[in-house]
Amino acid sequence: MSQPSKLHSSLSPATLSCEEQAMAERDSVDYSIRITKEMAMEGSVPRKIRVYADGIYDLFHQGHARQLLQAKTVFPKCEVYLLVGCCNDELTHAHKGKTVMNGAERYEALRHCRYVDEVVVDAPWTLDMEFLEKHKIDFVAHDEAPYTLGSSEADVYAFVKERGMFMPTERTEGVSTSDIVARIVRDYDTYVRRNLARGYSRQDLNLSYLSGQKYALQNKVEEVKNEVQHKVEEVHDRVIRWEEQSMEMIISFLHMFSTPGTSLDRMLHGNKENESVEDQGEEGEK
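First things first, this report covers the structure right here in the doc. Within any chain, residue numbers begin from 1 and follow the written order of that chain's sequence. Side-chain atom pairs in this predicted model are given and counted only at pLDDT of 80 or more, local residue features only at pLDDT of at least 70, and totals for whole chains, interfaces and linings cover all residues. Side-chain numbers come from the whole structure's heavy atoms, not from hydrogens or water.

### With respect to the overall build of the chain
- For the chain, the helix and strand inventory stands at eleven helices and six strands.
- With a 1.4 Å probe rolled over the protein chains alone, any residue whose accessible area is under 20% of its type maximum counts as buried; one over 50% counts as exposed, and the rest are partly exposed. Looking at the chain as a whole, 35% of its 286 residues qualify as buried.
- Within the chain, contacts between residues at least 6 apart in sequence are counted, and of these 70% link residues at least 24 apart.
- Using the Shrake-Rupley algorithm and a 1.4 Å probe, accessible areas are obtained, with residue cover drawn only from the displayed protein chains. Put simply, the chain shows about 18,100 Å² of open surface, and 53% of that area lies on carbon and sulfur atoms. Only runs of H or I of at least four residues qualify as helices and only runs of E of at least two qualify as strands under DSSP, and these elements are numbered from the N terminus. By the convention used here, residues are in contact when the closest approach between their heavy atoms is within 4.5 Å.

### Focus: the pattern of salt bridges
- By definition here, a salt bridge exists when the distance from a side-chain nitrogen of Lys or Arg to a carboxyl oxygen of Asp or Glu is within 4 Å. One pass over the full model with this rule turns up ten salt bridges.
- Measuring nitrogen to oxygen at the nearest pair gives 4.0 Å for the salt bridge that ties Glu-162 to Arg-163.
- Given a relative accessible area of 64%, Glu-162 falls into the exposed group.

### Notes on the packing of aromatic side chains
- The criterion for an aromatic pair is that two Phe, Tyr or Trp rings (for Trp, the six-membered ring) have centres within 6.5 Å, with stacked assigned to planes under 30 degrees apart, edge-to-face to planes over 60 apart and tilted to the rest. Counted by the stated rule, this structure contains four aromatic pairs.
- Centre to centre, the rings of Tyr-52 and Phe-131 are 5.3 Å apart; their planes meet at 70°, and the pair counts as edge-to-face. Residue Tyr-52 is found in strand S2 (residues 49-55), and its partner Phe-131 is found in helix H6 (residues 129-134); the two are separated by 79 residues along the sequence. Neither residue differs from the other here; Tyr-52 and Phe-131 are each classed as buried.
- Where Tyr-57 meets Phe-60, the ring centres are 6.4 Å apart and the plane angle is 40°; that geometry is what we call tilted.
- Exposure remark for Tyr-57: the relative accessible area of 3% places this residue in the buried category.
- A cation sits over an aromatic face here: Lys-161 above Phe-166, 4.8 Å from the ring centre. A ring has a charge above it when a Lys NZ or an Arg CZ is no more than 6 Å from the ring centre and no more than 35 degrees off the ring normal.

### Notes on the sheet that holds strand S4 (residues 118-120)
- Any two strands are treated as partners once DSSP identifies two or more bridges connecting them. Within the open sheet, the six strands sit side by side as S1-S4-S3-S2-S5-S6. Their pairing is parallel. In this open sheet, the two strands that pair with only one neighbour each are strand S1 (15-16) and strand S6 (166-169).
- In terms of strand pairing, strand S3 (residues 80-86) meets S4 through three bridges, oriented parallel. In the strand pairing of S4, Leu-83 is matched with Glu-118.
- An axis is simply a line fitted to the C-alpha atoms; with a helix, the fit covers only the stretch in contact. Between two such axes, the angle follows the N-to-C directions and lies from 0 to 180 degrees. Relative to S3, helix H3 (residues 62-72) is tilted by about 140°, and along the sheet it contacts S2, S3, strand S5 (139-143) and S6.

### A word on the environment of Leu-68
- Its location among the elements puts Leu-68 in helix H3.
- Ignoring sequence-local partners within four residues, the contact set of Leu-68 consists of Ala-53, Tyr-57, Phe-60, Leu-82, Val-84, Leu-110, Cys-113, Tyr-115 and Val-116.

So yeah, pure geometry; function would need other evidence.
This is how it looks when you write it as structure tokens:
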């Protein structure tokens, strides 16, 4: 019987499918021992369960990480070896469109997710038996909704669903790569101005000369505006301090020439009493 599921705890990044470590792990698996869902759920399996999840994983975010966590812990009573397939640039651009990160960057992001044991490079868009047998995959994990993007089939995962090798995961609502890109596009001017202020050139940001000058002018206006605001606040603080000091000087001067018991003396003492009451009230509120 296999040990309870453990998260990947190695301090080194996950291995790539083309590396010796991954090939040695694959060769050690007796794939003639077929594992059913019932065996996996009960924990009565003689070896690690090889679960496969795949995707594009562009701008790797918490939604991706949660999907992989679900895949890693899909069989809580067993030890799961999680393989994560990632399509290369050529295949991704042909079926889904341009990505922000290139293939090497997406592979590297996956390697540093703690739930991943192995990254399968150049993963196929549609799975077949040859691929499953090559990587000795027992189950495939993905969200249950039919996936048709970039394929003429009704569901890319229909093949594994029909064979009882599919394990559903849940999507994380409110976060996706498309959502992140939409935020950047929505606040495009803000991010362009920020990067120009941080030293990026207009060529780095693919800006025309006129656009570069426009954003540079906006940054300068904002800089001057902030400086003026800062000066105004400084002058305001000085005026307040001057008024307070002037009032203290005037009261001290009047005290010098006031006679005890006169209306002026009573007025000055009344002001002091009022200030004392106000101070006590403020301390009470604190």
